[in-house]
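Summary of structural features
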Amino acid sequence: MTDAAASARPAVAHQGDAAFLAEVGGRLCGSMDTDTAATVIAELASPVLAERAVVLLPASRGRWEWWSHVLDGRSTHGKVRRLAPSIAPVLARAMFATQPTVRVLPQAEVDAIPGTLGEMLANCAEVSVVPLGAANETSGVLILARSEPLAEQDTHVVREFAARAGAALGAAAVLGKARAAIEGLETTLHPAELPSVPGARMAAFYRPAAGPLQVGGDFYDVHPRSDGTLLFLLGDVCGNGPEAAALTGSIRHALSALHLVEREPQRLLDLVNQTLLATGRSRFASLVVGSLTARGADTMRLALGSGGHPSPLVLRGDGRVEEVIISGMLVGVTANAKFGQEFAELRRGDICLLYTDGISEARGGPSGDEMYGESRLHELLSSCVGLPMDTILAKVDASVREWLGGNDHDDIALLAIQPY
């Protein structure tokens, strides 16, 4: 045994096997992904269990992926061509075994391992392998390269270590799949980039409530049509989080299809209402649907339909703020819901703003529980005449953040449109 190795194994005896395994459990419980878990496993195994430790896991395209740690503290990571079971039968069986049985790799199998990994394991007195598989269907092995054979009394420590390491890898794999699913959901549900539309400028702002998803129950969408008109919408699903985000997706996808066969906002709201009721979900939504039509240079006409949503606001070029009051019931509550429709004319310098009640109902202020309110929003908007729309939306967000004073907030969405 080398001097370094001789000083390594007594560390287990000094601290005790139980203490070492407890440390292993504590270090591994925070591993949130496979890469981190495998790195930590290799670091914990060397130098306590062997001079060189390698975590080897199946990878795509006929490869294995490995993470290693050696006595001098170096950690390395790479991929290597997978050996066929006929060439490395002991390693192949261990890779998918579920019991942490320690086996010595025949020298022929060690010699067959290509690349940097093979070089790392060469010239060792013993190379042993122990499965890291567990009941959660993970697979992989821990390779221990030593200058002398593993003592029989130490095999139980290796097996216990492997069991904990396998469980950590399994948990990391599950978390990785969940994270990938969440990211996929977010990609599907997150508002798309605003399109470029001749004759109109648009700006949007979106900030979901705190939670595991970066999407929530507020949403907006814009759909240009081939005839030069434009469908736009902004809504708020009851609640927030994954269930609200799922219904958000249903509404957005429904309207992206329905607007191809129906133009009137009032009628679109009725169709979406029927669609939601047909799903049998108990959640509901408030929604503004608008249709934009250019009316000569610097002027546009908006047809606006509402399903129980805060009134759209129009900031005129002279600083006046006008509400477009539209009657209408919530969407997804009853088959007999009635939805209203109104019209608004925008000229150069005017801006139409749609917003969700995450703005007006934000609670904070001096008392910590006062609502931000519509009048405060109107006053802020009237001071923004002449500012770019992105700047206006940023000022609204900053004002609400200041009002909240660190309190939790609901989902927030803003959509602004102006002619040019």
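For clarity, every value in this text was computed on a predicted model and none was experimentally measured.

Quick word on the overall build of the chain
On a plain count of helices and strands, the chain comes out with 13 helices and 18 strands. For the chain, the proportion of its 420 residues judged to be buried stands at 50%. Counting every atom, the chain has about 19000 Å² of accessible surface; 52% of that belongs to carbon and sulfur.

Quick look at the packing of helix α3 (residues 17–28) against helix α4 (residues 34–45)
For any two helices packed against each other, the geometry comes down to the angle between their axes and how far apart the axes lie. Two numbers describe how α3 lies on α4: the axes approach to 10 Å, and their chain directions differ by 160°. Looking at the two axes, α3 sits roughly antiparallel to α4. As for the relative orientation of α3 and α4, their crossing is right-handed in sense. When α3 is examined against α4, the residues Phe-20, Glu-23, Val-24, Arg-27 and Leu-28 are found in contact with a partner set consisting of Ala-37, Val-40, Ile-41, Glu-43 and Leu-44.

Looking at the sheet that holds strand β11 (residues 299–307)
Sheet architecture is open: 5 strands sit in the order β8-β9-β10-β11-β14, paired in antiparallel fashion. Each end of this open sheet is capped by a strand with a single partner; those strands are β8 (218–224) and β14 (340–347). Neighbour-to-neighbour, the strand axes of this sheet turn through a mean angle of 15°, independent of strand direction. The pairing of strand β9 (residues 230–237) with strand β10 (residues 285–294) spans 8 bridges and is classified as antiparallel. Paired with Val-237 across the strands is Ala-285, a residue of β10.

Describing the confidence of the model for the chain
With 89% of its residues at a pLDDT of at least 70, the chain reaches an overall mean of 86. Every residue in residues 1–14 is under pLDDT 50, and counting partners more than four places away or in other chains gives 18 contacts.

Concerning empty space enclosed by the protein
Within this structure, the stated rule accounts for 3 cavities of 30 Å³ or more. Roughly 50 Å³ of internal volume is contained in the second largest cavity. Those elements that provide at least two residues to the lining of the second largest cavity are β15 (351–355) and α13 (389–404). Broken down by element, the residue count for the lining of the second largest cavity peaks at 3 residues, all from α13.

Observations concerning helix α12 (residues 374–382)
Looking only at α12, the buried set comprises Leu-377, His-378, Leu-380 and Leu-381. For α12, the arc enclosing every buried residue in end-on projection is 165°, short of the 170-degree limit, so these residues lie on one face. α12 presents Ser-375 and Glu-379 as exposed residues on the side facing more than 90 degrees away from its buried surface. The inward-facing, buried residues of α12 abut β12 (313–315), β13 (321–323), β15, α11 (357–360) and α13.

Some thoughts on the packing of α12 against α13
Running from amino to carboxyl end, α12 crosses α13 at an angle of 140°, the nearest separation of the two axes being 10 Å. By the angle between their axes, α12 is oblique relative to α13. Seen along the crossing, α12 lies across α13 with a hand that is right-handed. Contacts between α12 and α13 involve Arg-376, Leu-377, Leu-380 and Leu-381 on the former and, on the latter, Ile-392, Lys-395, Val-396, Ser-399 and Trp-403. A breakdown of the residues in the contact of α12 with α13 according to their chemical character gives 6 nonpolar, 1 polar and 2 charged.

Digging into the pattern of salt bridges
On inspection of all chains with the given rule, the structure shows 15 salt bridges. Between Arg-27 and Glu-43 there is a salt bridge; the shortest N-O distance is 3.6 Å. Of this pair, Arg-27 sits in helix α3 while Glu-43 sits in helix α4; the two residues are 16 residues apart in sequence, bridging distant segments of the chain. Residue Arg-27 is classed as partly exposed on the basis of its relative accessible area of 38%. Residue Glu-43 is classed as partly exposed on the basis of its relative accessible area, which comes to 31%. The closest approach of N and O atoms between Arg-207 and Asp-397, which form a salt bridge, is 2.5 Å. With Arg-207 in strand β7 (residues 200–207) and Asp-397 in helix α13, the pair connects residues that are 190 residues apart, well separated along the chain. Judged on exposure class, the residue Arg-207 and its partner Asp-397 are both buried. Taken together, the shared-partner salt bridges in this structure form one network comprising Arg-316, Asp-318, Arg-320, Glu-322 and Asp-350.

So, the side chain of Ser-306
One can find Ser-306 in strand β11. Reaching out from Ser-306, the side chain makes a polar contact with the backbone nitrogen of His-309 at a distance of 3.3 Å. Apart from the residues within four sequence positions on either side, Ser-306 is in contact with Leu-269, Leu-287, Val-288, Ile-326, Ser-327, Gly-328, Phe-339 and Gly-340.

Parameters at a glance
Residues numbered from 1 in each chain as written. Predicted model: local features only at pLDDT ≥ 70, side-chain atom pairs only at ≥ 80, totals over all residues. Heavy atoms only, no water. Helix = DSSP H or I, 4+ residues; strand = E, 2+ residues; numbered from the N terminus. Buried < 20%, exposed > 50% of the residue type's maximum accessible area, 1.4 Å probe, protein only. Areas by Shrake-Rupley, 256 points an atom, 1.4 Å probe, with all protein chains shown as cover. Axes fitted to C-alpha atoms, helices over the stretch in contact; angles between N-to-C directions. Parallel < 35°, antiparallel > 145°, perpendicular 65-115°, else oblique. Left-handed = near helix turned anticlockwise from the far one by under 90°. Contact = heavy atoms within 4.5 Å. Pairing = 2+ DSSP bridges. pLDDT = per-residue confidence, 0-100. 1 Å grid on protein atoms, 1.4 Å probe; cavity = no way out; pocket = protein on both sides within 12 Å on 5 of 7 lines; lining within 4 Å. Points joined across faces, edges and corners; volume = space filled by probe spheres on them. Arc of directions from axis to C-beta. Nonpolar A, V, L, I, M, F, W, Y, C, P; charged D, E, K, R; others polar. Salt bridge = Lys/Arg side-chain N within 4 Å of Asp/Glu carboxyl O. Polar contact = N/O pair within 3.5 Å; in protein donor to acceptor, adjacent residues only side chain to side chain.

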